[in-house]
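Residue-level structural notes
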Amino acid sequence: MIVTNNTPSEKNQGLGLIFLIGFMGSGKTTLGRKLASRLGYEFMDLDHILEANVGMTIAQYFSAHGEGAFRKLESELLKQIPYPENAVVSTGGGLPCFFDNIDWMNAHGKTVYINLSPKTLAGRLENEKDKRPVLRDHGANLVNFIEGKLAERDKFYNQAQIIVDGLSLTAEKLEKLLRVE
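With their axes 9 Å apart at the nearest point, helix 1 (residues 28–39) and helix 7 (residues 171–180) run at an angle of 65° to one another. Here helix 1 and helix 7 pass one another in a crossing that is right-handed. Contacts between helix 1 and helix 7 involve Leu 31, Lys 34, Leu 35, Arg 38 and Leu 39 from the first element and Ala 171, Glu 172, Leu 174, Glu 175, Leu 178 and Arg 179 from the second. Split into classes, the residues belonging to the contact of helix 1 with helix 7 amount to six nonpolar, no polar and five charged.

Structure (structure tokens):
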């Protein structure tokens, strides 16, 4: 299923900032790199930029400072980065769901929600628990945990300008969707 909530723009112009949003494991970084390469744009992974700025992993930052401090820092980073005119930006899975982040991204670029089922996400994330702080305590209940988180986050994710099924999504398909406007 593909839903677009875009406003018309001139097709010959660059696509501006493209924010990829979705749950962890949805493929934002992998797809983002491929899309940026295809378009000849810079790729920016906000999680990696945040880690470089604080000198520790997100998991370490979570442990040391808590989720509230992390979400505040993440929001500040989103809004203060000097973005190039055209770029593909991979966001953290929770970033659209806090403060006014989704509104800010919609106002400053195109937002794409990469939607996947909880079962598919759980399969992708099963071996990532050490790297992803919010998954650590969920073991066999990972699908249920993801279902609950998606129920909380969908109201934010669904504000994206483009909503696309991530299962068979390629950079080529996403480029076509972005240029359809």
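Alright, that's what it looks like, and here's the rest.
Right, let's talk about the nonpolar core for a bit. Grouped together as the largest cluster of nonpolar side chains are 36 residues, with contacts concentrated most on Phe 19, Phe 23, Leu 78, Tyr 83, Met 105 and Ile 146. Counting residues per element, the ones that place at least two in this core are strand 2 (17–21), helix 2 (46–54), helix 3 (58–80), strand 4 (87–90), helix 4 (101–108), helix 5 (118–125) and helix 6 (142–157). If one sorts the elements of this core by residue count, helix 3 sits on top with six residues. In contact with Ile 146, other than residues within four places in its own chain, are Phe 23, Pro 118, Leu 121, Ala 122 and Leu 125.

Moving on: the pattern of salt bridges. When the charged atoms of two side chains lie near each other, side chains of opposite charge can form a pair. Scanning all chains against the criterion turns up nine salt bridges. Two residues, Glu 175 and Arg 38, come together in a salt bridge whose shortest N-O distance is 2.4 Å. Of the two residues, Glu 175 sits in helix 7 while Arg 38 sits in helix 1, which places them 137 residues apart along the sequence. Exposure remark for Glu 175: the relative accessible area of 14% places this residue in the buried category. Residues Arg 71 and Glu 67 are paired through a salt bridge, measuring 3.1 Å at the closest nitrogen-oxygen approach. Here the residue Arg 71 and the residue Glu 67 both occupy positions in helix 3, the gap between them amounting to four residues, near one helical turn. On the accessibility criterion, Arg 71 (6% relative accessible area) is buried. Through salt bridges that share partners, Arg 38, Glu 172, Glu 175, Lys 176 and Arg 179 make up one connected network.

The next point concerns the layout of surface pockets. In this structure, the largest pocket occupies an estimated 700 Å³ of space. Every residue lining the largest pocket is counted, 31 residues in all, and those nearest its centre are Met 24, Asp 47, Ile 58, Lys 131 and Arg 132. For the lining of the largest pocket, the elements supplying multiple residues, two or more each, are helix 1, helix 2, helix 3 and helix 5. Among the elements that make up the lining of the largest pocket, the one with the highest residue count is helix 3 (six residues). Residues that form the lining of the largest pocket fall into these classes: eight nonpolar, twelve polar and eleven charged.

This paragraph deals with helix 2. By the N-cap criterion, in which a side-chain oxygen at the helix start approaches the backbone nitrogen of a residue two or three places on, helix 2 is capped by Asp 45, the distance to Asp 47 being 2.9 Å. Gly 55 lies just past helix 2 and shows a positive phi near 75°.

Moving on, we come to the packing of helix 2 against helix 3. The geometry of helix 2 relative to helix 3 is characterised by a closest axis approach of 11 Å and an angle of 115° between their N-to-C directions. With respect to helix 3, the element helix 2 is oriented roughly perpendicular. Handedness of the crossing formed by helix 2 with helix 3: right-handed. Each of Leu 46, Asp 47, Ile 49, Leu 50, Glu 51, Asn 53 and Val 54 in helix 2 lies in contact with helix 3, whose residues at this interface are Ile 58, Tyr 61, Phe 70, Leu 73, Glu 74, Leu 77 and Leu 78. When its residues are assigned to classes, the contact of helix 2 with helix 3 shows ten nonpolar, one polar and three charged.

What counts as what
- Residues numbered from 1 in each chain as written.
- Predicted model: local features only at pLDDT ≥ 70, side-chain atom pairs only at ≥ 80, totals over all residues.
- Heavy atoms only, no water.
- Axes fitted to C-alpha atoms, helices over the stretch in contact; angles between N-to-C directions.
- Helix = DSSP H or I, 4+ residues; strand = E, 2+ residues; numbered from the N terminus.
- Left-handed = near helix turned anticlockwise from the far one by under 90°.
- Contact = heavy atoms within 4.5 Å.
- Nonpolar A, V, L, I, M, F, W, Y, C, P; charged D, E, K, R; others polar.
- Core = buried A, V, L, I, M, F, W, Y, C linked by side-chain atoms within 4.5 Å.
- Buried < 20%, exposed > 50% of the residue type's maximum accessible area, 1.4 Å probe, protein only.
- Salt bridge = Lys/Arg side-chain N within 4 Å of Asp/Glu carboxyl O.
- 1 Å grid on protein atoms, 1.4 Å probe; cavity = no way out; pocket = protein on both sides within 12 Å on 5 of 7 lines; lining within 4 Å.
- Points joined across faces, edges and corners; volume = space filled by probe spheres on them.
- Polar contact = N/O pair within 3.5 Å; in protein donor to acceptor, adjacent residues only side chain to side chain.
- Parallel < 35°, antiparallel > 145°, perpendicular 65-115°, else oblique.

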